[in-house]
Amino acid sequence: MRKSCVYLYMIISSLILTGCWDRYELEERANILGLAIDLADEDEIEKEPEVTHRLNHFPGGKTGQFYKITAQVAVPGKIKLGPEGGGGEGSEKTAWIIKTFGHTMNDAMANLQQQLAEKLYLGHLQIIVVSREVSEKGVSEINDFLRRDPEVRRTAWMIIDDKDASKVLKAAPPIETVPSLYLSDTLDNAVRFGKLPREYMGKFWIDLSDDGVDATLPAVKVMGNDRLLIDGMAFFKGDKMVGKTTPGEIGAYMGMKEKSPGGYSIIVSIEDEEGVYLIKSLKRKSKTAVEIRDGKPMAFINIKVEAAIEEKTNDSKLDSDTLKKVELAANKKAEEICSELVKKLQEKGSDIFGLGARVKAKYAGYWEREVNRDEQWSNVFKEMEIKVKADFNIRRAGMEIN
Amino acid sequence: MHKHREHITPIQLASIIISTMLGVSMLAFSKFVVDGSGSGSPLASLVGAIIAFIGLLAVVLLGKRFPKKTIIGYNETILGKPLGRFINVLIILFFAILMGLETRQFAEVVAGALLPNTPIQITISMMILLCAAASLQNVATFAYIHFFYMPLILLPITIVLISAFWDIETYHLFPIIGHNSSFKEFMSGGLVVTQAILNFFVISMVIPFMKDPKKCIKSGIFGFWIGSFFVVVIVIMSLGVFGEEEMKQMFWPTLVLGRMIQVPLEILARIDALLLISWIYGVFTTLLSYYFVFVRGIGELFRFRHDRIISLVGFPVTFIIAIFPQDIYQMYDFILQVTFYGIFLTVFYPVLLLVVAKIRNKGGVSV
């Protein structure tokens, strides 16, 4: 009797305990790999199905904002994998690109779910492309949905496209079957090469929340319909994008923020000598100090760069003395680039270096008296003095002595 | 006193404290600390841990003084039967309510972040059933369970915390005493830590089962500070990575931390799964301790030897408590309130008890 009870118990528990209430097999999921968020045109509003609300009955008088969301969906086992997509033909061949409309993110997603047989799954979301138009109006609405949803990973990338975000998702390289993966690899590897700071979505959100720090996102541009150019960094003021750097200025920013490894090269020429030197930064180190002098905040950013000569285009001999000269020239050049970037940011009042947060941490009293609010800080930031000093150390010169 | 063949070693006692302290609240408490004391949270947590430590000291000293009795027993000896019994009922009630609410918190995390379609009733009843089944065993097994799971709890959380180190922004951690925070705000954050770790109290039910109860002081302190170390480091790391403002916006900073972290060298793509598994071990050991206090406490209070029956009766009781809060906000309100009053019961009360025991000269061992 006792024995049979034990057996019965074992059978029942092996049946029950191995089950899962939230079971969705892989092929029952519509894995969204990429999302592109644009503003929809006037005439597209009518295309919206009445899923979460009746037509023209969106509450809150918020009828102005209307998103067009393009999703790149992969349904495992249902998309053709393998080298079938031809080069440069766009991603329609290999993944499924679906357009949907909505007043908010979730509104659009609900509309999308209404059209799909599989359950939408955001756990594999790699990349979220936001058009410049949307980001200039503010991204906090988009963020709320993404932050609330437990499936979304904070390590996904959020990027800005100047014109049409949906075009980025359509870009498909000939060598990768899942286009979004290639796009996110482009960004991940750019981080490894030191071309891009590790500003993925989670970091972006942290910067957005912080007092005295303004956020940045990578900006991209589609090249030839099959790849991405990392086209600088979009910088924000509050949750609104206010400007964009050039790709070269990413290097300056990373230098000032001490983001290693170094990846960008700097081109310098020495006085009374022909030709130029290309110097690649290998390792960056920087010290940011803030001070209050006469009741005004000041910042000193000292950058130390370990570098190597990668190329030169003149006949002169390279030795320790010339190297010193090249270093000096590089210092000057770097300071110039950095100061320009700082000036650009100050004009827009976007403190992406987090100087405000440092002031807040170090001079709490000053912060409470004079600033106290994130918005007020951007005014102070506009006026403050920021001194950038660069110190290049060229360690080696490749395989050539000269 | 049925103290037969059940010998707990000092290391087991320490691991009981550690794995009990690191439990359900591991994911959420740091948010409430930061709500109170902002950038002063690391310091506040330390203060909170020290407050809890006072309670722990009292508990182990009492344990040394009454090496053959649990808190249920020496309560009656020190305070006399009526008052002692009244406090005993309070203690059992406190742990029953805490058990229910913490189970609910566990279920809310599971429903909110892991398994959105699984009804929380199922999650809750599964967890309580598991604890009920495990608490049927004797005290030695209870200690073994804790000893076995302790490394499985500590290791993944260590990996997450170490990997988080590279993402810290130092300006999140300063000024170290908090920004514009009054002493009251500072302490309100610190007390959350005390509230989160006051469950060290379970050892007062275990000490008499030790092979040598006199060793409880050393191992109790040892276990407590290892547990507190992790608690404080969790606060430092989550604050350092997220900063004050970001942490105020989420329910479970530690979980998000696990999701954001990339282990160096890309050994694992995602470690949040690892973190969650270890967290579930932590939840289990913590809830098991609560249930243990509940079952053993009632058994001893009413001189009722049939633990199985108490376990069975305890199931619907804790289930109803768990199901009681209407929503997640209310649940956290309840937890914070209940554990706040718990401080009096688990920290101040043992100190008081120790003083009374000295005055009335009860308990034989120490002079």
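For clarity, every value in this text was computed on a predicted model and none was experimentally measured.

Engineer: How do you make sense of the overall build of chain B when you look at a structure like this?
Structural biologist: Within chain B, the secondary structure is distributed over 13 helices and 0 strands. Order of helices (α) and strands (β) in chain B, N terminus to C terminus: α-α-α-α-α-α-α-α-α-α-α-α-α. For chain B, the C-alpha radius of gyration of 20 Å lies close to 21 Å, the compact-globule estimate for 367 residues. Along the first, second and third principal axes, the C-alpha atoms of chain B reach 55 × 45 × 40 Å. Out of the 367 residues in chain B, the part that is buried amounts to 60%. Contacts in chain B between residues far apart in sequence, at least 24 positions, make up 86% of those at least 6 positions apart. Per element, the accessible surface of chain B, about 14,600 Å² overall, is 71% carbon and sulfur. Put simply, chain B has 25 plus and 18 minus side-chain charges, and the middle of one group is 22 Å from the middle of the other.

Engineer: Is there a simple way to explain helix α6 (residues 120-135) of chain B in this structure?
Structural biologist: An α-helical turn contains 3.6 residues, so any two residues separated by three or four positions project in the same direction. Here α6(B) is 16 residues long and its end C-alpha atoms lie 22 Å apart, about the 22 Å a rise of 1.5 Å per residue gives. Along α6(B), the residues classified as buried are I120(B), T123(B), I124(B), S125(B), M127(B), I128(B), C131(B), A132(B), A134(B) and S135(B).

Engineer: Is there a simple way to think about the domain arrangement of chain A in this case?
Structural biologist: A common measure of how large an interface is: the accessible area buried when the components associate. Residue and element names in this part refer to chain A. Partitioning chain A into structural domains gives domain 1 (26-78 + 89-244) and domain 2 (247-396). Contact with domain 1, which involves 24 residues of that partner, is made by 27 residues of domain 2. For the pair domain 1 and domain 2, the two sides together bury roughly 2,000 Å², of which 56% comes from carbon and sulfur. In terms of surface lost to domain 2, no three residues of domain 1 exceed D211, G212 and F235, which account for 26% of the buried area on that side. In this assembly, domain 1 and domain 2 are joined by 1 salt bridge. Where domain 1 touches domain 2, the interface holds 6 residue pairs in polar contact (both at pLDDT 80 or more). When residues of the side of domain 1 that touches domain 2 are traced back to their parent elements, those giving at least two are α6 (179-192), β8 (227-237) and β9 (240-244). Of the residues contributing to the side of domain 1 that touches domain 2, the split by class is 11 nonpolar, 4 polar and 9 charged.

Engineer: Teacher, can you tell me more about the packing of helix α10 (residues 355-362) of chain A against helix α11 (residues 364-371) of chain A here?
Structural biologist: Residue and element names in this part refer to chain A. Between α10 and α11, the shortest axis-to-axis distance is 5 Å and the interhelical angle comes to 115°. Contact residues: α10 offers G356, V359, K360 and K362, while α11 offers A364, Y366 and W367. Residues that form the contact of α10 with α11 fall into these classes: 4 nonpolar, 1 polar and 2 charged.

Engineer: What is the right way to look at the interface of chain A and chain B in this model?
Structural biologist: Listed by partner, the interface residues are 31 residues for chain A and 30 residues for chain B. Carbon and sulfur atoms make up 50% of the surface buried where chain A meets chain B, a total of about 2,700 Å² over both sides. Contact with chain B buries area across many residues of chain A, yet W21(A), D22(A) and R154(A) alone supply 21% of it, more than any other trio. Across the contact surface, chain A and chain B share 4 salt bridges. The interface formed by chain A and chain B holds 10 residue pairs in polar contact (both at pLDDT 80 or more) in total. Among the elements of the structure, α7 (201-209), α10 and α11 of chain A are those that each provide at least two residues to the side of chain A that touches chain B. At 6 residues, α7(A) tops the list of elements feeding residues into the side of chain A that touches chain B.

Engineer: I would appreciate a short explanation of the pattern of salt bridges in the present structure.
Structural biologist: Charged atoms that come close allow side chains of opposite charge to pair. Residues and elements named next belong to chain A. Tallied over the entire structure, the rule returns 20 salt bridges over all chains. Among the ionic pairs, E136 bridges to R132, the shortest N-O distance being 2.8 Å. Of the two residues, E136 and R132 are both situated in helix α3 (residues 132-137); the distance of 4 residues between them amounts to about one turn of the helix. In this structure R132 comes out as partly exposed when scored by relative accessible area, which is 22%.

Engineer: I keep staring at the pairing of β8(A) and nothing clicks. Help me out?
Structural biologist: The side chains of a regular strand alternate between the sheet's two faces. All names here are of chain A. Of all 11 residues in β8, 8 are buried; the element is thus mostly enclosed. Direction of pairing for strand β7 (residues 216-223) relative to β8: antiparallel, over a ladder of 7 bridges. Of the residues in β8, the one forming a bridge with M223 is R227. Two successive antiparallel strands, β7 and β8, enclose a turn made up of 3 residues, where G224 displays a positive phi of approximately 55°. Where β8 folds back on β9, the antiparallel hairpin that results is connected by 2 residues, among which G238 adopts a positive phi of roughly 65°.

Engineer: Is there a simple way to explain the environment of A30(A) in this structure?
Structural biologist: Residue and element names in this part refer to chain A. Relative to the assigned elements, A30 resides in strand β1 (residues 29-39). For A30, a relative accessible area of 0% gives the class buried. Spatially, the C-alpha atoms of A30 and R192 are 30 Å apart, while their sequence positions differ by 162 residues.

Engineer: Hey, could you run me through α11(A) in this one?
Structural biologist: Residue and element names in this part refer to chain A. Listed as buried for α11 are A364, Y366, W367 and V371. The buried side chains of α11 occupy one side of the element, clustering within an arc of 160° when seen end-on. Taken together, the buried residues of α11 touch β11 (277-293), β12 (296-312), α10 and α12 (374-383). The positive-phi residue at the C-terminal boundary of α11 is N372, with phi of around 65°.

Engineer: Looking at this structure, I do not really get the sheet that holds β12(A). What am I missing?
Structural biologist: Strand pairing in a sheet relies on backbone hydrogen bonds, with the paired strands running either antiparallel or parallel. All names here are of chain A. In spatial order, the strands read β10-β11-β12-β13; together these 4 strands make up an open sheet with mixed pairing. The open sheet is flanked by β10 (265-268) and β13 (385-396), the only strands paired with a single partner. Sheet twist, expressed as the average angle between the axes of neighbouring strands with direction ignored, equals 40°. Bridge count for β11 against β12 is 16 bridges, and the pairing is antiparallel. Its bridge partner lying in β12, K287 is registered against N302. Against the sheet, α10 engages β11, β12 and β13, with an angle of about 40° to β11.

Engineer: In this structure, what is going on with a positive patch on the surface? I would like to understand it.
Structural biologist: All names here are of chain A. Residues K283, K285, K287, K304 and K389 make up a contiguous surface patch of positive charge. A total of 3 residues in the positive patch trace back to one element, the largest contributor, which is β11. Position of K283 relative to the elements: it lies in strand β11. Relative accessible area serves as the criterion here: at 52%, K283 is assigned to the exposed category.

So, how was this worked out
- Residues numbered from 1 in each chain as written.
- Chains lettered and ligands numbered in written order.
- Predicted model: local features only at pLDDT ≥ 70, side-chain atom pairs only at ≥ 80, totals over all residues.
- Heavy atoms only, no water.
- Helix = DSSP H or I, 4+ residues; strand = E, 2+ residues; numbered from the N terminus.
- Rg over C-alpha atoms; globule rule 2.2 N^0.38 Å.
- Buried < 20%, exposed > 50% of the residue type's maximum accessible area, 1.4 Å probe, protein only.
- Contact = heavy atoms within 4.5 Å.
- Areas by Shrake-Rupley, 256 points an atom, 1.4 Å probe, with all protein chains shown as cover.
- Lys, Arg positive; Asp, Glu negative; His and termini not counted.
- Charge placed at Lys NZ, Arg CZ, Asp CG, Glu CD.
- Expected span 1.5 Å × (residues − 1).
- Domains from an automatic or database assignment.
- Buried area = accessible area lost by both parts, 1.4 Å probe.
- Salt bridge = Lys/Arg side-chain N within 4 Å of Asp/Glu carboxyl O.
- Polar contact = N/O pair within 3.5 Å; in protein donor to acceptor, adjacent residues only side chain to side chain.
- Nonpolar A, V, L, I, M, F, W, Y, C, P; charged D, E, K, R; others polar.
- Axes fitted to C-alpha atoms, helices over the stretch in contact; angles between N-to-C directions.
- Pairing = 2+ DSSP bridges.
- Arc of directions from axis to C-beta.
- Patch = residues over 30% accessible without salt bridge, like charges linked within 9 Å, V, L, I, M, F, W, Y side chains within 5 Å.

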